[in-house]
Amino acid sequence: MNVKDVNVKIIADSRGEDTLEAEFTADDFSVKATVPSGKSKGVHEAYVLEPKKAIEKFGQIKKEILSPDYQTQEDFDNFLISLDGSENKKNLGGNLILALSLAFARAKAKSEGKELYQYIIDLQPTTYNRQQKLTKPIFNVINGGAHAKNKLEIQEFQVIPQVSDFAIALSMGKEFYRKLQKFLEGKFGAQNISLGDEAGFSAPFGSNEEAISMLSEVIEKNNYPFKIGLDCAATSFYKDGFYEIGGKKYSADELLNYYFELIDRYGIISIEDPFYEEDFKSFAALTSKLHEVLVITDDLTATNPERLQKAINEKSGNAILIKLNQIGTLTETLNVVKMAYQNNWQAVVSHRSGETLDDFIADLAYAVNAWGLKSGAPAKPERLVKYERLLAIYNKEILSAAIN
């Protein structure tokens, strides 16, 4: 691939905050990639450089990026990592490195005449089980924690369709979202309903369980084939050795029992970050008791191979959340997914709370055959574009299979 030019600029994300867009120009085409930003960040994530400083850094390294002839994605990503030279990408910034890594992937895929998802599959063709069932859309329909202004400590209250057709899953998700809005307006008044960062609803709920019970009620009333999922983001309500929920302090053991009760009462299918981001032991205690429930590690593992290996060794989960900007390159991300699969863990690909219209993660989710794709509620454009891209991929693959 003959890269003629590469540029990086600042754009606004879904919260109106600055983020980065990289553009690669080759012989007869150009491609772009943008990076999201998280509000609820784990301490083990790749360093995020202030966008204006990232632009300055890019100006200093642009000639070096254009000089070599990169044969593979790994070549390019390793070059960026060596150029940065730090442990957590603090010199160039994980956000700048990721924008360049993803734009390069798009350019390479296009130069090879491949769809992006096929290009990603071909990077590690023996890693992913193509016989696995459909990637599930994970709709975050009620927002709490750092993503909304309400009393809810739990950050995400999700509904997850249990169907084998992505088009049906997405259609039902949109319908459920509208019915939930009417239900909440009937309970609290339309003037008291707002949207959180990920387009989920925020309302004056009295407790986490009230929010869960309302989801359950709408599911049951309309006979939806949905299960409930939670992203607790427990680090956000952990302080001085205790977890503070509803004005009450819980020890790790007490919180464990609280989760068992919720899971049993509401048939919860997945629970993410149930404990503080260093508490491998409590994660393991929960996982050991839940054989049919996904215990997803996010802040605990931060898409980081060393953190994931520790979690695997200590049996601190059975699924990892995959966020590209936690580690900083496509190559490193795929290596983490590979490690998870080699140890019988699942992978869930995720967006961030500050998003863009870039749909890269949809191709990634399909390529690695993820258990689920988290892209927020089925509402705002920056959330919907990921789900709709995944739907387009499934439709394309179904058509291709029918023709062949």
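Residues numbered from 1 in each chain as written. Predicted model: local features only at pLDDT ≥ 70, side-chain atom pairs only at ≥ 80, totals over all residues. Heavy atoms only, no water.

1. Examining the overall build of the chain
For clarity, the cut-off: A run of H or I in DSSP becomes a helix once it reaches four residues, and a run of E becomes a strand once it reaches two; helices and strands are each numbered from the N terminus. Atoms considered for the radius of gyration are the C-alpha atoms alone. The globule rule reads 2.2 Å times the number of residues to the power 0.38. Residue exposure (1.4 Å probe, protein chains only): buried if accessible area is under 20% of the type maximum, exposed if over 50%, otherwise partly exposed. Any pair of residues with heavy atoms lying within 4.5 Å of one another is described as a contacting pair. Areas reported as accessible are Shrake-Rupley estimates using a 1.4 Å probe. Residue values count occlusion only from the protein chains shown. Counted as positive: Lys and Arg. Counted as negative: Asp and Glu, with His and the chain ends omitted from the count. For the purpose of locating charges, the reference atoms are NZ of Lys, CZ of Arg, CG of Asp and CD of Glu.
Per the secondary structure count, the chain includes 13 helices and 16 strands. Compactness check: the chain gives a C-alpha radius of gyration of 21 Å against a globular reference of 22 Å for 404 residues, within 12% of the reference. Overall, the C-alpha framework of the chain stretches about 60 × 55 × 45 Å when taken along its three principal axes. Expressed as a percentage of its 404 residues, the buried residues of the chain come to 58%. Counting contacts in the chain only where the partners sit at least 6 residues apart, residues at least 24 apart contribute 69% of the total. When the accessible area of the chain is evaluated, it comes to approximately 16800 Å², of which 46% is carbon and sulfur surface. Placing the 47 positive and 57 negative side-chain charges of the chain at their respective mean positions leaves the two points 2 Å apart.

2. Observations regarding the nonpolar core
Let me state the cut-off plainly: Working definition of a nonpolar core: buried Ala, Val, Leu, Ile, Met, Phe, Trp, Tyr and Cys residues. They are joined through side-chain atoms within 4.5 Å.
Ranked by size, the top nonpolar core spans 124 residues in total, and within it Ile 65, Leu 100, Phe 176 and Tyr 259 carry the most contacts. Top element by residues in this core is helix 3 (residues 94-111). It accounts for 11 residues. When near neighbours in sequence (up to four residues on either side) are disregarded, Tyr 259 contacts Cys 232, Ala 234, Phe 237, Ile 271, Pro 274, Phe 275 and Leu 286. Membership of the second largest hydrophobic core comes to nine residues, among which are Ile 138, Leu 294, Ala 319 and Trp 371.

3. Overview of helix 6 (residues 208-222)
Heads up, the condition is: Expected helix span is computed as 1.5 Å times (number of residues minus one).
The end-to-end C-alpha distance of helix 6, which contains 15 residues, comes to 22 Å, matching closely the 21 Å that a straight helix rising 1.5 Å per residue would cover. Considered for burial, the residues of helix 6 that qualify are Asn 208, Ala 211, Ile 212, Met 214, Leu 215, Ser 216, Val 218 and Ile 219. Buried residues along helix 6 sit against strand 4 (136-143), strand 5 (156-161), helix 5 (166-188), strand 8 (226-231), strand 10 (242-245) and helix 7 (252-266). Directly beyond the C-terminal end of helix 6, a positive phi value near 55° is found at Asn 223.

4. Overview of the environment of Lys 57
Tracing the sequence through the fold places Lys 57 in helix 1 (residues 51-66). Put simply, Lys 57 and Leu 364 are 307 residues apart on the chain and 28 Å apart in space, counted from C-alpha to C-alpha. Contacts of Lys 57, omitting those with residues within four sequence positions, involve Leu 49, Asn 91, Leu 92 and Leu 96.

5. Thoughts on the layout of surface pockets
The condition that has to hold: Cavities and pockets were defined on a 1 Å grid built over protein atoms only: a cavity is a set of grid points that admits a 1.4 Å probe from which the probe cannot escape, a pocket is an open set flanked by protein on both sides within 12 Å along at least five of seven lines, and lining residues are those with an atom within 4 Å of any such point. Grid points are joined across faces, edges and corners, and a volume is the space filled by probe spheres set on the points. Three classes are used, and their members are as follows: Ala, Val, Leu, Ile, Met, Phe, Trp, Tyr, Cys and Pro are nonpolar, Asp, Glu, Lys and Arg are charged, and the others, Gly among them, are polar.
What the largest pocket holds in volume is close to 380 Å³. When residues of the lining of the largest pocket are traced back to their parent elements, those giving at least two are helix 9 (305-313), helix 10 (324-327) and helix 11 (330-342). In terms of residue class, the lining of the largest pocket is made up of six nonpolar, five polar and six charged. There is about 180 Å³ of room inside the second largest pocket. Asp 18, Ser 37, Val 48, Leu 49 and Asn 95 are the residues nearest the centre of the second largest pocket, which is lined by 18 residues in total. For the lining of the second largest pocket, the secondary structure elements donating two or more residues are strand 2 (18-25) and helix 3.

6. Some words on the pattern of salt bridges
Our working definition: Salt bridge, as used here, is a side-chain nitrogen of Lys or Arg placed within 4 Å of a carboxyl oxygen of Asp or Glu.
Counted under the stated rule, the structure contains 24 salt bridges. A salt bridge links Lys 108 to Glu 112; the shortest N-O distance between them is 2.8 Å. With relative accessibility at 35%, the residue Glu 112 sits in the partly exposed group. In this structure, Glu 112 engages Lys 114 in a salt bridge whose closest nitrogen and oxygen atoms are separated by 3.2 Å. Overlapping salt bridges bring together Lys 108, Glu 112, Lys 114 and Asp 122 as one network.

7. Quick word on the environment of Gln 191
Among the structural elements, Gln 191 can be located in the loop between helix 5 and strand 6 (194-195). On the accessibility criterion, Gln 191 (65% relative accessible area) is exposed. Sequence-wise, Gln 191 and Leu 262 are 71 residues apart; in three dimensions their C-alpha atoms are separated by 29 Å.

8. Brief notes about empty space enclosed by the protein
As enumerated under the stated definition, the model contains two cavities of 30 Å³ or more in all. Of the voids in this model, the largest cavity is the one considered here, and its volume is about 130 Å³. If you go around the largest cavity, you meet 17 residues; those closest to its centre are Thr 34, Pro 36, Leu 324, Glu 355 and Ile 361. Elements that contribute at least two residues to the lining of the largest cavity include exactly helix 3, helix 10 and helix 12 (360-367). Here the lining of the largest cavity is composed, by residue class, of seven nonpolar, five polar and five charged.

9. Let's talk about the sheet that holds strand 3 (residues 30-34)
Selection rule: Two strands make a pair as long as DSSP finds a minimum of two bridges between them. A fitted line through C-alpha atoms serves as each axis, taken over the contacting stretch for helices, and the angle formed by two N-to-C directions is quoted from 0 to 180°.
Read across the open sheet, the three strands follow the order 1-2-3; overall the sheet is antiparallel. Each edge of the open sheet carries a strand with a single partner, namely strand 1 (5-12) and strand 3. The mean angle between the axes of side-by-side strands here comes to 25°, regardless of whether they run parallel or antiparallel. Looking at chain direction, strand 1 and strand 2 are connected through eight bridges and run antiparallel. Residue pairing in the sheet places Ile 10 in a bridge with Leu 20 of strand 2. The strands that helix 1 touches are strand 1 and strand 2; relative to strand 1, the one it contacts most, it runs at about 170°. Against the sheet, helix 3 touches strand 1, strand 2 and strand 3, its axis set at about 145° to strand 3.

10. Quick look at helix 1
We apply this condition: Bend, in this description, refers to the angle at a residue between axes fitted to the seven residues ending there and the seven starting there.
With 16 residues, helix 1 extends 21 Å from end C-alpha to end C-alpha; this agrees with the ideal 22 Å at 1.5 Å per step. Of all the bends in helix 1, the greatest measures close to 50° and is centred on Gln 60. Turning to helix 1, its buried residues are Pro 51, Ala 54, Phe 58, Ile 61 and Ile 65. At its buried positions, helix 1 is contacted by strand 1, strand 2, helix 2 (73-84) and helix 3.

Read these as layout, nothing more, since geometry by itself doesn't imply function.
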